[in-house]
Amino acid sequence: MLRLELNGISKQYPAVRANDRVGLRVKPGEIHAVLGENGAGKSTLMKIIYGAVQPDEGEMRWNGDAVTVRSPAEARALGISMVYQHFSLFDTLTAAENVWLGLDRAMTLPEVTRRIVEVASSYGLDVDPQRPVHSLSVGERQRVEIVRALLSDPQLLILDEPTSVLTPQAVDKLFVTLRALAERGTSILYISHKLDEIRALCHHCTVLRGGRVTGEVDPTQESNASLSRLMIGAEPPQLQHREVKAGAPVLELHSLSLARQDQFGVDLHEIGLTVRAGEVVGIAGVSGNGQQELMAALSGEDPRAPAGSITLFGKDIASHSPRRRRHEGLHFVPEERLGRGAVPNFSLAQNTLLTRTETVSAGGWISTERVRRLAERLIDRFQVRAGGPGAAAKSLSGGNLQKFIVGREIDAKPRLLIVSQPTWGVDVGAAAQIRGELLALRDEGCAVLVVSEELDELFEISDRLLVIAKGRVSPSVPAAEATVERIGEWMSGLWTRETRHAEA
Amino acid sequence: MLKLEARSQPSKVMSLASPLIALAITVLIGTLLFAILGKDPLRGLQMFFVEPLRGLYALSELSVKATPLILIALGLAVCYRSNVWNIGAEGQFVAGALTAGWMAMQAGPQTAWMGRGIVLAILVAGVLGGMLWSAIVALLRDRFNASEILVSLMLVYVAELLLGWLVYGPWKDPQGYNFPQSIAFLPITQIPRLGGGMRVNIGLFIALAAVAAFWIFLFRTYRGFQLQVGGLAPQAARYAGFSARSALWMALLLSGGMSGLAGALEVAGPLGQLTPYVPEGYGFAAIIVAYVGRLHPVGIVFSAILMSMFYIGGELAQSRLGLPKSLTGVFQGLLLFTLLACDTLIHYRLRARRAPPSQPKEA
């Protein structure tokens, strides 16, 4: 008998058909991957199973019986638990208190604490219920979420992109737990777009594309290329990587230290790094280790950097505004596209004005004709799918808006381009295009600094790699000499034991 | 149960038509209202929508009301587009009226060399007065992060009390039979009228020129663009490197100046002296005008005309039909309410919950 069976599930949103007659069959004790790009309908399908969204049509069977799940509480009562990609924990409470808050049944705090220890030890999950959440690492927080999900002895556990915030070592640890769970009969729905992980972990894989099921395969029998074909309908294009010809230093940080601005931010400690002309430097690290703070200091959005700590072509720019830095050749692509990189309600044409002022006369007059032509050129050059220069930024898909924003900065002919999460939430085709553009920019002699959580991406485009952890930055290593294991270890802050490399 | 569901792409035509639909519904409810009050609905509606437009004299009165509304609402539109919540335009209006009134009282033999130029000096004084009043708001916000909503509102009462003290005290007309009023300003200080014995004056042209100027400022200058980015997406403004402080000062000084200008045109125009009755609520009504006009300079012209019709209609309904003057407020409120309702339905669609799933249409 199947644990969970979905037949002909459809869900129509105003603009898109998120699920179109989707079927899914999960056996007891099976780790079942749901693979698809962003926007393929994975999240909607999971929300339907978990009762957070109602399907327009279709049938759901749970252990053979037809059921209607009207709310997450009903789903939990059936034995379905879900761990979301973004954690919902209160920083100031302890792990046990957080778990306690999310319980449907009445239990005392000591009982909850005891159950946490029980569950955690039986699955080899290392969780201290008494520690406040803000003192936990991201991997530990995820374990708290998993323990919370396991407390009700679920028969089906849904994990939404669980590894996107983990170091490679923490991923291995998570897999051990998941395999142990499956062996005891718990079914696991594992949502991901990472092919290697799915092939290593899952027994069965349902592939979604554009809201439809495009394949049901045994991932252990597939190659990355064949899975990728099912997922995007094509193999990802290969990047051209030419020989590095690194030139003079462009950006230099001299032991930049900066106290956090908000309570749950990260202090930056004595950050030193160099980016040279004609090279791509990648900064790896688990999110929330100071990347945002570092980016804000580099872009000038946070103007508190001490004098002399940031130099561009040897000139101190620590106190310069973002506009001034742009005039000096430093362009920046932030990780938030809507609301920071672009004004959602403004047209693409208007959004060029955020960072491009060649269409503004010295007296401050905007030439709408030139603004429109610039937007048209960007749309054309970077193959942005949009309804023209007049289309509102918010009407574009994430990938297309990202192409537009990255294109806007590349087209400005920067001498230093800093990019935060260049392909976050972007489909594979657009991601490959953006990476290709960054490499082309590098080949023209621009210095490029990329911050990303995706290690694969950094290995693909970087010439040198360094790691940020707990507000400190590791020494850099040439990408050719770096291994995933080593970078992974560094991501937990463990580079001090190794001999310090002299800055290249 | 009903629920609201966001529409993916709100219709552009509908968002432009929304004020008209709202007006139509207001008329409809108004008809009902008159019927309930036992008055002929046609006669009632005539007071509000026909009489204020009939004849040159009526139009002149209409423009006397609409001019300050347009001027103040233009400044407020810039404020609200920049996410600066100045709701104290009334106070800035009074402050402008005070400084302009002071200037007008200086007129005499010693200012004869200025000739009619004194009018310009009065207007400039009014602008500066309004700016000064809004600068207090900007300073407190900038320096101490005090809520501009509270500060600007409270300063309305300060301005009104200041006006009261001046006309009851130092500025009271010695030959005024102890009435709380200043001396009547000399005719030379009068804002030039357009003639025909009507009250309409050159303020109308100033307002229309301001409409053009604000349109250009908002949509054709980089400063205007920066202000709007700061209002719509503060993070994007920081990313672009636009200063939030200068946006705050600029928005407040602009709107303070415009309110002050309206105050100057009022005291040196229709009023001709300072009395405790200078504040007539234009500053508050202009908030509605700005929103009904979609915070757009051209839209503001139409909504100001509409709002003035309500003012005049209310007075006519009182004098000719014996209806309470508060009908004006009822109509203003109805219009704002129906406009908000229309806007909501343009951005969201109403859906019955648990209804059988409708056949989805492909967009």
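Residues numbered from 1 in each chain as written. Chains lettered and ligands numbered in written order. Predicted model: local features only at pLDDT ≥ 70, side-chain atom pairs only at ≥ 80, totals over all residues.

The next thing to look at is the overall build of chain A. Per the secondary structure count, chain A includes 16 helices and 21 strands. For chain A, the spread of C-alpha atoms along the principal axes amounts to about 70 × 50 × 40 Å. Of all 504 residues assigned to chain A, the portion counted as buried reaches 49%. Looking at chain A alone, contacts between residues at least 24 apart form 67% of all its contacts between residues at least 6 apart. (Helix = DSSP H or I, 4+ residues; strand = E, 2+ residues; numbered from the N terminus. Buried ≥ 20, exposed ≤ 12 C-beta atoms within 10 Å, placed from the backbone. Contact = placed C-beta atoms within 7 Å.)

Moving on, we come to the overall build of chain B. The secondary structure content of chain B amounts to 13 helices and 2 strands. The C-alpha atoms of chain B give a radius of gyration of 23 Å, which matches the 21 Å a tight globule of 363 residues would have. Projected onto its principal axes, the C-alpha coordinates of chain B cover approximately 80 × 60 × 30 Å. Every one of the 363 residues in chain B was classed for burial, and the buried ones make up 45%. Considering only residue pairs separated by 6 or more positions, chain B has 78% of its internal contacts joining residues 24 or more positions apart. (Rg over C-alpha atoms; globule rule 2.2 N^0.38 Å.)

On to the pairing of strand β10 (residues 212–217) of chain A. Side-chain positions along a regular strand alternate between the two faces of the sheet. Residue and element names in this part refer to chain A. Sheet topology places strand β9 (residues 204–209) next to β10; 5 bridges connect them, and they run antiparallel. Bridge pairing in β10 places Val207 opposite Gly215. Where β9 folds back onto β10 in an antiparallel hairpin, the turn is made up of 2 residues, including Gly210, whose phi is positive at roughly 55 degrees. (Pairing = 2+ DSSP bridges.)

Once that is clear, we can look at the packing of helix α4 (residues 89–105) of chain B against helix α6 (residues 148–168) of chain B. Residues and elements named next belong to chain B. The geometry of α4 relative to α6 is characterised by a closest axis approach of 7 Å and an angle of 30 degrees between their N-to-C directions. Judged on the interaxial angle alone, α6 and α4 are roughly parallel. At the point where α4 passes α6, the crossing takes the left-handed sense. For the pair formed by α4 and α6, the contact residues are Glu90, Gly91, Val94, Ala95 and Leu98 on the first element and Ser152, Leu155, Val156, Val158, Ala159, Glu160, Leu162, Leu163 and Leu166 on the second. The residue inventory of the contact of α4 with α6, partitioned by class, reads 10 nonpolar, 2 polar and 2 charged. (Axes fitted to C-alpha atoms, helices over the stretch in contact; angles between N-to-C directions. Parallel < 35°, antiparallel > 145°, perpendicular 65-115°, else oblique. Left-handed = near helix turned anticlockwise from the far one by under 90°. Nonpolar A, V, L, I, M, F, W, Y, C, P; charged D, E, K, R; others polar.)

All names here are of chain A. If you trace the 6 strands from one edge of the open sheet to the other, you get β6-β7-β8-β3-β9-β10, paired in mixed fashion. At either margin of the open sheet sits one strand with a lone partner, and together these are β6 (80–83) and β10. Adjacent strand axes in the sheet meet at a mean angle of 20 degrees, parallel and antiparallel pairs treated alike. Contacting β3 (31–35), β7 (156–160) and β8 (187–192), helix α6 (residues 168–183) crosses the sheet at an angle of about 145 degrees to β8.

Residue and element names in this part refer to chain A. Annotation of chain A at the domain level lists domain 1 (4–232) and domain 2 (249–343 + 413–491). The straight-line distance from the C-alpha centre of domain 1 to that of domain 2 is 32 Å. Contacts between domain 1 and domain 2 engage 13 residues on the former and 14 residues on the latter. Class assignment of the residues belonging to the side of domain 1 that touches domain 2 gives a composition of 5 nonpolar, 6 polar and 2 charged. (Domains from an automatic or database assignment.)

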